[in-house]
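Okay, here's what each chain looks like letter by letter:
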Amino acid sequence: MDIKNTDIFGRKVFFIAPDATLIPSSFMENLCTLGYESHIVARSGDMLSDGIKKITENFPDALIFFNINVSAPGMSWHQFIRQIRQENARLAVGVVFEAMNQEHVHHVQAEYGSDLTAECIALSHGKEKENFASILSVLEKSGAKGRRNNIRAKCDDESHISFKQGSLNFHAKLDDVNISHICCIVEGSESIHDIRIYDKVRGAHINVNGFEFTSDVVLIMKRVKMGVSTAIFMFIKKPDDEPGLEAEEERQLNKKIYEITSEEFARLLNE
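Note that the structure is predicted; figures quoted are calculated from it, not measured.

### Concerning the overall build of the protein
Logical step 1: Within the protein, the regular secondary structure consists of eight helices and 13 strands.
Logical step 2: With respect to the principal axes defined by its C-alpha atoms, the protein has extents near 70 × 40 × 40 Å.
Logical step 3: In the protein, which comprises 271 residues, the proportion classed as buried is 47%.
Logical step 4: Here the analysis covers contacts within the protein between residues at least 6 apart in sequence; of these, 66% occur between residues at least 24 apart.
Logical step 5: For the protein, the accessible surface area stands at approximately 14,300 Å², while carbon and sulfur atoms represent 48% of it.
Logical step 6: Side chains of the protein give 31 positive and 40 negative charges; the mean places of these two sets differ by 4 Å.

Next comes the structure, spelled out in structure tokens:
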């Protein structure tokens with residue numbers, strides 16, 4: 001069976017110029033928790049083409065949803081969507097719109113269906129729960145998450161993990177983080193040898209791009225490659241050392257991960 005990269009890694013998802021009352025930024029954080037990397041691109045008109053070009057150049061397998069309720073003078077969504085599909089064969093494209101009634105929904109689906117490789121998402125004011133469920137259903141069917149479970153975020157130079165384990169004072173720089181694991185780079189390979197696989201650590205202090213918290217962790221992998229020592233810890237929580245963080249720390253870490261990935265994308269878009 002032919003397995004594509006998108007089957008494994010999924011697709012980054014972009015909502016172009018959405019109505020904030022229908023697709024608030026909180027949706028992106030909630031999708032992040034579920035393993036979908038999604039971004040809002042608040043651009044339209046002349047800025048739209050530049051933004052789309054940067055997305056397609058850097059993420060050729062992206063899934064893009066256009067808000068067809070907004071447009072610029074002289075602009076045709078049909079023509080624009082057909083053009084970017086012709087220029088970017090790997091791109092997946094859908095649309096979002098405000099549903100006036102069921103007849104309107106059927107009309108939009110019939111009008112745009114042949115232009116799209118993803119679906120039309122009909123949204124309604126005052127129905128936030130239903131709107132999120134509609135978006136999630138389409139992302140699930142499109143395979144946007146792939147086989148990954150969590151989004152990884154690259155950590156800055158100040159991010160670290162530190163703890164005391166017996167006579168060992170452990171300190172390592174974080175390389176990346178997701179909602180369930182941290183990967184760190186250990187300076188001095190001798191310290192990594194003092195911890196065994198599946199050793200549990202109580203009360204590790206963790207700093208992720210300025211967000212500081214304490215959690216129990218367990219070492220699940222370590223290796224030395226080309227002279228660089230790395231270790232991966234999994235978060236565990238009471239009462240039975242179950243995988244994961246306590247609820248409040250998980251919520252705040254997810255918020256930080258979304259913030260990191262959003263800032264990275266914003267820098268790319270504004271370069």
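### Thoughts on the pairing of strand 10 (residues 200–208)
Logical step 1: Sheet topology places strand 7 (residues 160–165) next to strand 10; three bridges connect them, and they run antiparallel. Residue Ser162 lies in a different strand from strand 10, and its bridge partner there is His205.
Logical step 2: Where strand 10 lies against strand 11 (residues 211–225), seven bridges are found, and the strand directions are antiparallel. Residue pairing across strands places Val201 opposite Val217, the latter belonging to strand 11.
Logical step 3: Joining the antiparallel neighbours strand 10 and strand 11 is a turn of two residues, in which Asn209 adopts a positive phi near 50 degrees.

### Some words on helix 5 (residues 102–112)
Logical step 1: Regarding helix 5, the residues found buried are Val105, Val108 and Tyr112. Looking straight down helix 5, one finds that the buried residues subtend no more than 65 degrees of arc, so they occupy a single side. Residues of helix 5 that are exposed and point more than 90 degrees away from the buried face comprise Gln102, Glu103 and Ala110.
Logical step 2: At its buried positions, helix 5 is contacted by helix 4 (77–87), strand 4 (92–98) and strand 5 (120–123).

### What about the pairing of strand 8 (residues 168–177)?
Logical step 1: With seven of its 10 residues buried, strand 8 lies for the most part within the structure.
Logical step 2: Relative to strand 8, strand 6 (residues 153–154) is paired through two bridges, and the arrangement is antiparallel. From the neighbouring strand, Ala153 faces strand 8, where its bridge partner is Val177.
Logical step 3: Note: strand 7 against strand 8, six bridges, orientation antiparallel. Bridging across to strand 8, Phe163 finds its partner in Phe170.
Logical step 4: Counted along the chain from strand 7 to the antiparallel partner strand 8, the turn is two residues long, and its residue Gly166 has a positive phi close to 65 degrees.
Logical step 5: Relative to strand 9 (residues 181–186), strand 8 runs antiparallel, the two being bridged by four bridges.

### Some words on the confidence of the model for the protein
In low-pLDDT regions, the fine details of the predicted coordinates are not to be read closely.
Logical step 1: Looking at the protein, the pLDDT average stands at 88 and 93% of residues meet or exceed 70.
Logical step 2: The secondary-structure element of the protein with the lowest mean pLDDT is helix 1 (residues 5–9), recorded at 62, while strand 10 shows the highest, at 96.

### What to know about the packing of aromatic side chains
Logical step 1: Following the criterion strictly, the structure yields 12 aromatic pairs and no others.
Logical step 2: Between Phe66 and Trp77, the aromatic rings sit 5.2 Å apart at their centres with planes inclined by 45 degrees, giving tilted as the arrangement. On the criterion of sequence distance, the pair formed by Phe66 in strand 3 (residues 63–67) and Trp77 in helix 4 is long-range, its members being 11 residues apart.
Logical step 3: Trp77 gets classed as buried once you look at its relative accessible area, which sits at 7%.
Logical step 4: Seen in terms of ring centroids, Phe163 and Phe170 are 4.7 Å apart; in terms of plane orientation they differ by 15 degrees. Their pairing is stacked. Residue Phe163 shares its accessibility class with Phe170, and that shared class is buried.
Logical step 5: By the ring-pair criterion, three or more aromatic residues cluster together here, those being Phe14, Phe59 and Phe265.

### Focus on the environment of Lys12
Logical step 1: Checked against the element boundaries, Lys12 lands in the loop between helix 1 and strand 1 (13–16).
Logical step 2: The exposure class of Lys12 is partly exposed, given its relative accessible area of 26%.
Logical step 3: In the structure, Lys12 is positioned 47 residues away from Phe59 in sequence and 7.4 Å away in space, judged by C-alpha atoms.
Logical step 4: Residues contacting Lys12, with those up to four places away along its chain left out, are Glu37, Phe59, Ala62 and Leu63.
Logical step 5: Separated by 2.7 Å, the side chains of Lys12 and Glu37 make a polar contact.

What counts and what doesn't
- Residues numbered from 1 in each chain as written.
- Predicted model: local features only at pLDDT ≥ 70, side-chain atom pairs only at ≥ 80, totals over all residues.
- Heavy atoms only, no water.
- Helix = DSSP H or I, 4+ residues; strand = E, 2+ residues; numbered from the N terminus.
- Buried < 20%, exposed > 50% of the residue type's maximum accessible area, 1.4 Å probe, protein only.
- Contact = heavy atoms within 4.5 Å.
- Areas by Shrake-Rupley, 256 points an atom, 1.4 Å probe, with all protein chains shown as cover.
- Lys, Arg positive; Asp, Glu negative; His and termini not counted.
- Charge placed at Lys NZ, Arg CZ, Asp CG, Glu CD.
- Pairing = 2+ DSSP bridges.
- Arc of directions from axis to C-beta.
- pLDDT = per-residue confidence, 0-100.
- Phe/Tyr/Trp six-rings, centres within 6.5 Å; stacked < 30°, edge-to-face > 60°.
- Polar contact = N/O pair within 3.5 Å; in protein donor to acceptor, adjacent residues only side chain to side chain.

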